[in-house]
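A structural walkthrough
Listed here are the chains, written in short residue letters.
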Amino acid sequence: METGFDFEIVRESIPFLAEGLVLTFQLTLLGVLGGLVLGTLLALARLAPFKPLSFAAATYVNFFRSLPLILVIFWFYFLVPLLLGREVGAFFSVMVAFILFEAAYYCEIMRAGIQSVKKGQLAAGSALGLTYAQNMRYIVLPQAFRAMIPILLNQGVILFQDTSLVYVVGLGDFLVHADIVANRDNRLIEMYTTVAIVYFAFCLLGQFLIRNLQRKYAT
Amino acid sequence: MNEAQTNNARDDRLDSGGPMIQMDGVSKWYGDFQVLSDCTTDVSKGEVVVVCGPSGSGKSTLIKTVNGLEPFQKGTIKVNGISVGDKSTKLPKLRAQIGMVFQNFELFPHMTIIENIRLAQLKVLNRGGDEATTRGVDLLGRVGLADQKDKFPAQLSGGQQQRVAIARALAMDPIAMLFDEPTSALDPEMINEVLDVMTELAKDGMTMMVVTHEMGFAKRVADRVIFMDRGAIQEDCSKDEFFGTPRGVRANDFLSKILTH
């Protein structure tokens, strides 16, 4: 058993760790963007006057919000290849799981955002001759999005942390790569401390960004 | 008649063609509560009609039925011959021809002033970008705000915002303009700058329906006054008749309350 801390190992494994961190960021970014696009569409569906559509969207949201993320990751890892009839790789399965899962949360955020836009804005757009779709695209969604930027980013920070769950399907994200090094060299404390600091630093940066944007868009 | 004398410039327009806005037996309910009952009136081309009445009398609801922002259950409304309530009528297309100005301005806060005026020109009328800008700057000049074009709505005063809103509506080259209490949300010192723009518009022969409590504006500019109470049109007469000898007890009562201060 080694005694004393040796952080030299961290420096040596930087390229390997960075590789993992890139995957973590890829998953976060794709999850946020995909989730936001799908979530916005779901929010529009949920607010649609056509009842079956809004019911379907509500069911989707309630369903995914009732499941633990780790279950969805597991589940889709086996389900997606089955549905597509071919191997797609862990990354693709996980991506689908993240996007579908995050969409449920982004839907609720965007729904709140859309509802926060004054009703008179829609009337003004309509009075100018804009169609419902144009009203949404040019008037309502941009305002809803701005109003919700801090909350949307916050959800992104949560996803950034939650991407570490991909270890269950053997994807090499930041935590997994650190874990590999830690176990190989028996430097568990050093590696986990490093991982904690890096996650903390990025989340702190995120929070800082959120606070700034909150101030900027506070009305 | 007095009316004809004050509006010489408009006479030729008045004579040609039928009414611009025709309302016939318009009724509307919110559940069991009737907000409009059997409203019938015409607005001719170039005519300025002021709609007044106590709050909750249905005057805002009435003018919002004209461009279909408020649906109604009974009666017909025709704008330039097109039936508003008809299911086959393309409402966005119809609305693009009718300008509307709201109590709370409703400029789009995420766009600059010029972008506010460009948007519907580009997306609804399919005008080119340069043309839309030229038209926008031209209209901003007309309402005295040419130098404000790159600001955001929040940087303007209420009176300025409302003038931009009027310019935005005019950019669509509307055949008629609806004003829903355009000065009610304004500080007193800003009311006149908006009324002046509206007066100019009336002089240029715009067909206007104006919901307002500004009886001075009605006296100066209106051709006709409609007085509403409890969802029904109680008086519909020339402004001289209205301010001279209001017949109904409710209209008398309303006028005495509103003209004392």
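First, a word on scope: everything that follows refers to the structure included in this document. (Residues numbered from 1 in each chain as written. Chains lettered and ligands numbered in written order. Predicted model: local features only at pLDDT ≥ 70, side-chain atom pairs only at ≥ 80, totals over all residues. Heavy atoms only, no water.)

A closer look at the interface of chain A and chain B
Taken residue by residue, the interface counts 18 residues in chain A and 21 residues in chain B. Of all residues in chain A, A127, L128 and Y138 of chain A give up the largest surface area on contact with chain B, accounting jointly for 36% of the area buried on that side. For the pair chain A and chain B, the interface holds one salt bridge. The closest approach of N and O atoms between E106 of chain B and K118 of chain A, which form a salt bridge, is 3.7 Å. (Contact = heavy atoms within 4.5 Å. Buried area = accessible area lost by both parts, 1.4 Å probe. Salt bridge = Lys/Arg side-chain N within 4 Å of Asp/Glu carboxyl O.)

Here we look at the packing of helix α4 (residues 69-84) of chain A against helix α5 (residues 90-116) of chain A
The description of two helices packed together rests on the angle between their axes and the distance between the axes. Residue and element names in this part refer to chain A. Relative orientation of the contacting elements α4 and α5 amounts to 120°, with a least axis distance of 8 Å. If you check the angle between α4 and α5, you find them oblique. As for the relative orientation of α4 and α5, their crossing is right-handed in sense. Where α4 approaches α5, its residues L69, V72, I73, F76, Y77, V80, P81 and L84 are matched on the opposing element by A90, F92, S93, V94, V96, A97, F98, L100 and F101. Residue composition of the contact of α4 with α5, by class: 16 nonpolar, one polar and no charged. (Axes fitted to C-alpha atoms, helices over the stretch in contact; angles between N-to-C directions. Helix = DSSP H or I, 4+ residues; strand = E, 2+ residues; numbered from the N terminus. Parallel < 35°, antiparallel > 145°, perpendicular 65-115°, else oblique. Left-handed = near helix turned anticlockwise from the far one by under 90°. Nonpolar A, V, L, I, M, F, W, Y, C, P; charged D, E, K, R; others polar.)

Digging into the environment of T76 of chain B
Residues and elements named next belong to chain B. Inspection of the secondary structure assignment puts T76 in strand β4 (residues 74-79). Taking the C-alpha atoms as reference points, T76 and K239, separated by 163 residues in sequence, lie 26 Å from one another. Those residues in contact with T76, other than ones at most four positions away along the chain, are Q22, M23, D24 and V26.

Bear in mind that shape data such as this cannot, by itself, settle questions of function.
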